[in-house]
Amino acid sequence: MVQRGSGRRGDDAACPGFVRFGGISASPGDTVVSREALQLHVYAVLASIEAGRPGRVTDEYLGAVTAATEVDALELCTAGLWTRRADGYDVLESEVMRMASEVHRQLEDLTAQCHRTGGHEPDPQYPGFCSKCAVRLP
Ligand SMILES: [Zn+2]
């Protein structure tokens, strides 16, 4: 467990800054990572799918996000979710990969459906977003 700053401890019961998850194989002693690391995990997985390289997180991507990604990436490696390879990381947590792939597929379907039915239409309830595919409109 990587420790940073004040109030960040491995004891997740006492510290809401940590998240315990184990996907479909949840059991005692599950992986515990900080919220920041989990956030990076989810965003990076989605970005890797968007980029057409599912599960591959490059140093270039991490460098473009925020300052503390190196520590979060190290934490994800320590937790066994990522592994260092060449100029980046490979994501090993298959349940998150599966969910992210499913979300990505659904978003692609919505986008395709939007295009088939005449393109974006502003949502009357949420101006600035498409009512059909939820994309932010220019
Ligand atoms: Zn649309």
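Up top you'll find the structure we're talking about.
As the structure is a computational prediction, the values presented were derived from the model and not from experiment. (Residues numbered from 1 in each chain as written. Predicted model: local features only at pLDDT ≥ 70, side-chain atom pairs only at ≥ 80, totals over all residues.)

A look at the overall build of the chain
Thought 1: The helix and strand tally for the chain stands at 4 helices and 5 strands.
Thought 2: Listed N to C, the secondary structure of the chain is β-β-α-β-α-α-β-β-α in terms of helices and strands.
Thought 3: Evaluated residue by residue, the chain yields a buried proportion of 18% over its 138 residues.
Thought 4: Of the contacts made within the chain by residues no fewer than 6 positions apart, 42% connect residues no fewer than 24 positions apart. (Helix = DSSP H or I, 4+ residues; strand = E, 2+ residues; numbered from the N terminus. Buried ≥ 20, exposed ≤ 12 C-beta atoms within 10 Å, placed from the backbone. Contact = placed C-beta atoms within 7 Å.)

Here's the deal with the pairing of strand E4 (residues 82-85)
Thought 1: Note: E4 against strand E5 (residues 88-91), 4 bridges, orientation antiparallel. Of the residues in E5, the one forming a bridge with Arg84 is Tyr89.
Thought 2: Counting the residues in the hairpin turn of E4 and E5 gives 2 residues, including Ala86, whose phi is positive at 50°. (Pairing = 2+ DSSP bridges.)

Section: unusual backbone geometry
Thought 1: With a phi angle near 50°, Ala86 is a residue other than glycine that sits in the positive phi range.
Thought 2: Structurally, Ala86 is set in the loop between E4 and E5.
Thought 3: Note on Ala86: 9 C-beta atoms within 10 Å, which makes it exposed.
Thought 4: The backbone of Ala134 shows a phi angle near 65°, a positive value even though the residue is not glycine.
Thought 5: Looking at the secondary structure, you find Ala134 in the segment after helix H4 (94-116).

A look at the packing of helix H1 (residues 35-50) against H4
Thought 1: Where H1 contacts H4, the axes come no closer than 9 Å and their chain directions differ by 55°. Between H1 and H4, the crossing angle belongs to the class labelled oblique. Along this stretch, H1 crosses H4, giving a crossing that reads as right-handed. Residues His41, Val42, Val45, Leu46 and Ile49 of H1 touch H4, and the partners they reach there are Val96, Met97, Ala100, Ser101 and His104.
Thought 2: Split into classes, the residues belonging to the contact of H1 with H4 amount to 7 nonpolar, 3 polar and no charged. (Axes fitted to C-alpha atoms, helices over the stretch in contact; angles between N-to-C directions. Parallel < 35°, antiparallel > 145°, perpendicular 65-115°, else oblique. Left-handed = near helix turned anticlockwise from the far one by under 90°. Nonpolar A, V, L, I, M, F, W, Y, C, P; charged D, E, K, R; others polar.)

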